[in-house]
Each structure stands twice: as C-alpha cells, then as structure tokens.
Amino acid sequence: MKLNPGQNDAVHYVSGPCLVLAGAGSGKTRVIINKIAYLVEKCGYKARNIAAVTFTNKAAREMKERVAQSMGRKEARGLWISTFHTLGLEIIKREHKVLGLKAGFSLFDDQDTFALLKELTQDELDEDKDLIKALASAISNWKGGLVIPQQARKMVKDEQGQLFAMLYQRYAQHMKAYNALDFDDLILIPTLLLRMNEEVRTRWQTRIQYLLVDEYQDTNTSQYELVKLLVGERARFTVVGDDDQSIYSWRGAKPQNLVLLGSDFPKLKLIKLEQNYRSSQRILRAANILIANNPHVYEKALFSDLAYGEPLRVLIAANEEQEAERVVAEIIRHKFVGRTQFGQYAILYRGNHQSRLLERALMTNRIPYKLSGGTSFFARAEIKDIMAYLRLVVNPDDDNAFLRVVNLPKRGIGPATLERLGNFANQKHISMFEAIFDAGLNHELAPAAVKSLYQFGQFIVDTGEIAKRGESVDAIKKLIRSINYEDYLYETSTSAKAAEMRMKNISELYRWVTEMLEGDELDEPMTLPEVVTRLTLRDMMERNSEDEGGDQVQLMTLHASKGLEFPFVFMVGVEERILPHQSSIDEDNVDEERRLAYVGITRAQRELWFVICRERRQFGETMRCEPSRFLMELPQDDLIWENRKPQQTEQQRMATGKSNIANLRDMFKK
Ligand SMILES: Nc1ncnc2c1ncn2[C@@H]1O[C@H](COP(=O)(O)OP(=O)(O)OP(=O)(O)O)[C@@H](O)[C@H]1O
Ligand SMILES: [Mg+2]
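Treat the numbers as computed from the prediction; the structure is a model and nothing was measured. (Residues numbered from 1 in each chain as written. Chains lettered and ligands numbered in written order. Predicted model: local features only at pLDDT ≥ 70, side-chain atom pairs only at ≥ 80, totals over all residues. Heavy atoms only, no water.)

1. Quick word on the overall build of the protein
Along the protein, the regular secondary structure elements total 32 helices and 19 strands. A burial count over the protein gives 52% of its 670 residues as buried. Long-range pairs, those at least 24 residues apart, make up 75% of the contacts in the protein with a sequence separation of at least 6. Summing over all exposed atoms, the protein offers an accessible surface of approximately 32,200 Å²; the carbon and sulfur share of this is 49%. (Helix = DSSP H or I, 4+ residues; strand = E, 2+ residues; numbered from the N terminus. Buried < 20%, exposed > 50% of the residue type's maximum accessible area, 1.4 Å probe, protein only. Contact = heavy atoms within 4.5 Å. Areas by Shrake-Rupley, 256 points an atom, 1.4 Å probe, with all protein chains shown as cover.)

So this is what it looks like as structure tokens:
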C-alpha cells in the first residue's frame, strides 16, 4: 500500500509515543494497518505482542481483514485487534482468579442492568423509570471516570447525588454476588487491576509490547488510563484521531485526552496529515467549510487531489414516507444510469427509529440492504413475538414459536410445566401443541396447568379458524387484542415512550401484513400462510447476509458510520430538531452535532445527497420542518436544491437584494 511522506513518518517512528492528528479520510487508519505490518516484518515484533484497538466491532473486523491481506494470514495470526471492551474482557478472563471472579461470570447488557436496578431500588425510586435511567447513567459515568462507590459517596454534595452513590454501592455488591459484570466494568476492572497490582501490570506490559489506537478522540477517562497502564514507562504506542470527529462526549469521551497526551508524554511525536484520499473536492470543501464554524484544538487544512466532483444535492420530500420513497427511487435511478452496485450506497440517519420507513421502502422495492448497529425491524422483540404467534397459527407444530409465546403474556405456564410437556411430546413423537390436546397429558400435569395449556391451544385453533374462513386481517386484529399485547408492552418496557415505539412497530407490521393479504395493483392478494413464509424468509435472508456482506445498500446511524467510506451517501432528515438534535439545541451543544454532520459528509467518496421533509409526524402530531442550519452553512454554490429555479448568477442575486439563504428559506416555506 502506498504512503505519503507524513504517513511514512508515522509508520516508521517506532522508538517512542506517536500521535497522528488529522482530518477525515487522510489515511489514519491506513497508517495503523501499515504500521502493524511494519512492526512485524521490519522491527522484529511478534504478532502476539501487538495490540490494536478500534471503536466498533465492525471496524475491528475490517482492520483485521485489511492487515491479513497486507501481511499474509499466517503472519497476522495472534495479533490482538479488537475494541477496547473486548480487550478488557480478555484481560478479565485471563486474570479472573486474581480478581476473585468465578470463571463462568455473566455479562449484563443494558436491559439486564435496568431490570436489576429496578428491583434493587424499589423502596427508594419507587419504580420510576426516568429516575432509574438517570441512576444507570450516573453509574455508567462514574465507572467511565474510574470512580468506585466509596469515592462516589465522598464526591457528591446534593441529596439525589448521595442517594445515587449509595445505590451505586448496592448495585456493585449485588453484581459481585451474581458473579456478573456490566459493559463499563469491562474497562473499569482491568484498569483498576493494572493500576493496583504490579505483577499483573508487568505481565500485561510484557504481553502487549506495542499498542495502537484508532479513533482516539472518542476515548473516555478509564480507557485513556488503561492505555497508559498498558504502555507503561516504555510508552511504545501510536494513537490516531481527529478532534473534529469527536461524537461521543455524551458517553464520557474526552477529546481533551488528545491534549493530555502531550503533557503526559513529553516526548510525544505529533504528526499531521493533510491530504484527503477519500472524497471529491466539492465534498471535502463542504465538510471543511461546515466544520470551520466550530472551535478547534488544533488547526488543520485538508486538501484533495481527486476530481472536483458532482454538486451535492438536497432532495425535498413532502413527508417522512415520501422521504424514504425518494431515497429508494433515487438509488434505483442512479444505479441504472451509472451501472453501480447496491453495496456502493449508504443511507445515514441521526436516530435508529428513522430506519423503519427506509427498510419498508427498500423491502417493498426488493432492494437488498443491510442494517448495521441497532436492531433491524424483524429482529425486534415485539415483531418476533407477533410473528411467532402468526407462525403458530399457520403451523401449530412449530415448537420454537410455541415456546416463545405460550407464556407471553403470562398465563401461569412455568418452565417445569413446559419441561414435562416437552418430554411427553417427545415420547409420543408429536409437537408440543398437539400434546396439549392429548388425553394422556392429564397423568403428567396438575389440572390447573392442563387447563391453562388447553385454553391457550384453543385460542390458537380459534384464531386459525377465522383465518381459514378468509378473514385473516380480522384474525390478526383479534389476536393482538385478546392477548392484551399493548398492556404487556407497557408493563415490560423501560419507559412509556419505549412501549409506544414498540406498539408503533406492531402497527407497522399489521399494516404491512394487511397490505400483503389484500394485495394491490402490483401484487395479488396472498393467504396468511403465504404472508408468513414470505416474511420469515425475509428474516432469514437478513440474518444470513450478516456474514456474507453481499451487494446490499448499507443503513446505519451517523454514529455507527465513523471510520467507514462509501461512494454514494444519503443523509436523511437533515432538519432542525433532528440534526442538530432537539436535545442538543436545548443544551446548547450544537458543536457536537456539527461534528456528527461532518462525520456523515466525510463518509462520501463521490456523491452526496441530503434529504429533508416539508413536514413530519412526531408524537402523533404533524409538524412543519425547517432545513438544518448545517445545510445553510454549506457553500451554496456546491449545493443543488431540488425544485429550485435555475441558478441565478451572483449579479442577479445582488439585484434582487436578497441573500442566498433568505431565498432558500422563502422557497422552503412555499
Ligand atoms: N497514501 C495513500 N494513497 C492512496 N490512497 C490512500 C492513501 N492513504 C489512504 N488512502 C485511502 O484513503 C481512504 C481513507 O483512508 P483512511 O480510512 O485510512 O482514513 P482515515 O483518516 O482513517 O479516515 P477517518 O477519519 O474517516 O477514519 C481509504 O480508502 C484509503 O485506502
Ligand atoms: Mg479511520
């Protein structure tokens, strides 16, 4: 792989600490990949003594692949290339004895943590979901800042702080009793261990002799401390980052860590890279002009030798449904004209919920797509629940579907009952559903259990009958109502808003199934079994594609797109209140949102579209939308706004006495 002089310096400087500070697409990640190969091939490092840390699992997988391609698979074996959390987990696994953890410790995700906190704080927080959430985030912040419960109790001043610190302590004690760790522990525990135990520290400093960190601007206090402890006095490390792409301050990331490096390691070599190899000049110019509105830690000037490129386009849709349809139509048109591949397109958005309508539009048009990060529509628990019901109605022998819904919502059918039912069905070689109606079951189970099972079975049979009469839409409506699914969602969700979101997903599924059942100009009406197999197949394809990475349009949040690049990028919902997000407008933290927009723009190599709506439904209300201030900050001569009258010359604009931006706003209001 070719390198420019700055990149070469960065790769060849191995005698001390090194920081590469440079803008998007300037080849920072390429430096890391080349440097790993250089360390092994030219400097005599063994692969197993080198660790590289990135920010997401996706990025780690890609880096591993690129390193293996550059230096050979055999040579690359043993390299530690992972996220911070995976590296932390590895340290904990190998040191669990010193830590006093039993080998089979379990890992709690956010939902597990929430459930435990809810249980532990019943008396104090009275199941108030917002308070529990606030507590969870306080605990996470303490952990990210390396603050243990005893210290937290000393630090806090106000009443709520004291309460939270006390609950933090209680939570920590319980986690220990459960032999469980949460996400933040994966950094906190190894860091504290390395800090306090010299023997362990020496062991890891011998094991990891050279450390490389990508996306360094997004490390938090505990991660930075872990880096320092791992590299020790020898300070053999390279970190690369871009302060303009710091987008995780809400999770405790500290771009100031870039500055701290200089004071913690006086011998730090600072290397800047200024050539961007990714984007057309127009795209890069737009990105540079946008980010110039932010204050800077270090000044940077990025240039590109690539073509000047196509203008950036702003598509204007009437509402959010049309927004999704416009994007899909544009992809189809563009692909046809340019003979491109679906895999060259990415659709980026601010929040996960924005993916729903996009997924729908892509599916309706049979365009393969891949959604990374976040949960795709069919992987969502509520969709799986209802799909399992439909599967069971269509095919009562589907034991998996049976097990998923037999006690959802609760019907007093516990694990012991199900185990016996399962054994009985096995002996008789029948499905569990069939077993419910077998007279022999009376000898196996208590009458109450038999009754509950029978009622459930009868309910499924009845629903099936309605569907068979050709009233499937009715059958589904009745089903969702009779199981009180909405109540169930409100009882089990972390907040009323979350329950609402999940219920919305259900109505989305309902709408979809109904459309397929009733047919339209394009498709014949389908029967319920046909609909269910069609949708299940879709689900399976999606899962398989996770591994294959075929020719698919990429969907992800702006956060998840960090470090990646795509020839053609659509940024949707580029409106005030979405990007910048309402909460950041309220909190006066628009700079971080501008960095997020900068990250999005700089993912694009050749062409970039922004999409905005005139109005949008939010929380049941239709609201008028206003284009994002970031669109207004971009160089307008590089932008083409849809439906805009033919470009005026500068003189004409002066003559009308109106500024470019005022014109745009006017046009938007019409
Ligand atoms: N010296 C070079 N010659 C040609 N292409 C290069 C060179 N350096 C990097 N590239 C290419 O430029 C693109 C951007 O590189 P890379 O992803 O390493 O940038 P980055 O600085 O890590 O970007 P980001 O800030 O978005 O993470 C990649 O396609 C890479 O292969
Ligand atoms: Mg990178």
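More follows now that the structure is in view.
2. Overview of the environment of Lys157
Summarising the element assignment, Lys157 is placed in the loop between helix H10 (149-155) and helix H11 (159-177). For Lys157, a relative accessible area of 73% corresponds to the exposed category. Note: C-alpha distance between Lys157 and Leu639 (482 residues apart in sequence) is 51 Å.

3. Re the pairing of strand E14 (residues 553-557)
Of all 5 residues making up E14, 5 are buried, and the element is well covered by its neighbours. Every second residue of E14 is oriented toward a common face, with Val553, Leu555 and Thr557 on one face and Gln554 and Met556 on the other, all of them buried. Two strands pair when backbone bridges link them, and strand E12 (residues 345-349) and E14 are joined in this way by 4 bridges, in the parallel orientation. Bridge pairing links Tyr349 to Thr557 in E14. With 3 bridges connecting them, strand E13 (residues 369-371) and E14 associate as parallel partners. The residue bridging Lys370 from the neighbouring strand is Gln554, located in E14. (Pairing = 2+ DSSP bridges.)

4. Notes on empty space enclosed by the protein
Applying the stated rule across the entire model yields 4 cavities of 30 Å³ or more. By volume, the largest cavity amounts to about 70 Å³. Around the largest cavity, the lining residues are Glu575, Glu576, Arg577, Ile578, Arg616, Gln618, Met623, Arg624 and Cys625. Going through the elements one at a time, strand E17 (615-618) and strand E18 (621-624) are the ones with two or more residues in the lining of the largest cavity. Split by residue class, the lining of the largest cavity holds 3 nonpolar, 1 polar and 5 charged. (1 Å grid on protein atoms, 1.4 Å probe; cavity = no way out; pocket = protein on both sides within 12 Å on 5 of 7 lines; lining within 4 Å. Points joined across faces, edges and corners; volume = space filled by probe spheres on them. Nonpolar A, V, L, I, M, F, W, Y, C, P; charged D, E, K, R; others polar.)

5. With respect to the packing of aromatic side chains
Under the definition given, this model contains 13 aromatic pairs. Through a chain of ring-to-ring contacts, the aromatic side chains of Tyr345, Phe568, Phe570 and Trp609 assemble into a single cluster. Across from the ring centre of Trp204, 4.6 Å away, lies the NZ or CZ of Arg207, which sits over that ring. Directly above the aromatic system of Tyr13 lies the positively charged group of Lys269, at a separation of 5.2 Å from the ring centroid. (Phe/Tyr/Trp six-rings, centres within 6.5 Å; stacked < 30°, edge-to-face > 60°. Lys NZ or Arg CZ within 6 Å of the ring centre and 35° of its normal.)

6. Description of the site of ligand 1
Of all residues adjacent to ligand 1, which total 19 residues, the nearest are Gln7, Lys28, Thr29, Glu565 and Arg603. Side-chain polar atom of Gln245 to an oxygen atom of ligand 1: 2.8 Å apart, as the coordinates give it. Contact between ligand 1 and Arg603: an oxygen atom at 2.7 Å from a side-chain N or O atom of the residue. For ligand 1, whose unbound accessible area comes to 640 Å², protein coverage reaches 89%. Tallying contributions element by element places helix H2 (residues 28-41) first for the shell around ligand 1, with 3 residues. (Near = heavy atom within 4 Å. Polar contact = N/O pair within 3.5 Å; in protein donor to acceptor, adjacent residues only side chain to side chain.)

7. Some details on the side chain of Thr121
With respect to the element layout, Thr121 can be found in the loop between helix H7 (110-120) and helix H8 (122-125). A distance of 2.7 Å separates a polar atom in the side chain of Thr121 from the backbone oxygen of Leu117. Those residues within four positions of Thr121 in sequence are excluded, and the remaining contacts are Asp126, Ile132, Leu135, Leu167 and Arg170.

8. Structural notes on the packing of helix H18 (residues 355-364) against helix H26 (residues 496-518)
Remark: H18 packs on H26, axes separated minimally by 12 Å, with the N-to-C direction vectors making an angle of 15°. In terms of axis orientation, H18 runs roughly parallel to H26. Classified by chirality, the crossing of H26 by H18 is right-handed. Seen from H18, the contacting residues are Arg356, Leu357, Arg360 and Met363; seen from H26, they are Lys504, Asn505, Glu508, Arg511, Trp512 and Glu515. Here the contact of H18 with H26 is built from residues that sort into 3 nonpolar, 1 polar and 6 charged. (Axes fitted to C-alpha atoms, helices over the stretch in contact; angles between N-to-C directions. Parallel < 35°, antiparallel > 145°, perpendicular 65-115°, else oblique. Left-handed = near helix turned anticlockwise from the far one by under 90°.)

9. Here we look at the sheet that holds strand E1 (residues 18-22)
As summarised here, the arrangement of the 6 strands in space is E3-E2-E6-E7-E1-E8, forming an open sheet in which the pairing is parallel. Looking at the sheet topology across the chains shown, the edges are occupied by strand E3 (80-83) and strand E8 (269-273). Direction aside, neighbouring strands of the sheet carry axes that sit 15° apart on average. Looking at chain direction, strand E6 (residues 210-213) and strand E7 (residues 237-241) are connected through 3 bridges and run parallel. Across the sheet, residue Val213 finds its bridge partner in E7, namely Val239.

10. Let's talk about the side chain of Glu215
Relative to the elements of secondary structure, Glu215 occurs in the loop between E6 and helix H14 (221-231). The class of Glu215 is buried, set by a relative accessible area of 11%. For Glu215, the contacting residues outside a window of four places in its chain are Phe55, Val240, Lys562 and Gly563.

11. A closer look at unusual backbone geometry
Across residues other than glycine, the phi torsion is negative in most instances, and most of the peptide bonds are trans. With an omega of -5°, the peptide bond between Leu408 and Pro409 qualifies as cis. For Pro409, the position within the fold is in the loop between helix H20 (399-405) and helix H21 (415-428). Cis geometry is adopted by the peptide bond preceding Pro580, which originates at Leu579 and carries an omega value of 5°. Within the fold, Pro580 resides in the loop between strand E15 (566-572) and helix H28 (582-586). In this structure, Asp126 is a non-glycine residue whose phi angle is positive, near 55°. By the element assignment, Asp126 lies in the loop between H8 and helix H9 (129-144). The phi dihedral of His429 falls on the positive side, at around 55°, and the residue is not glycine.

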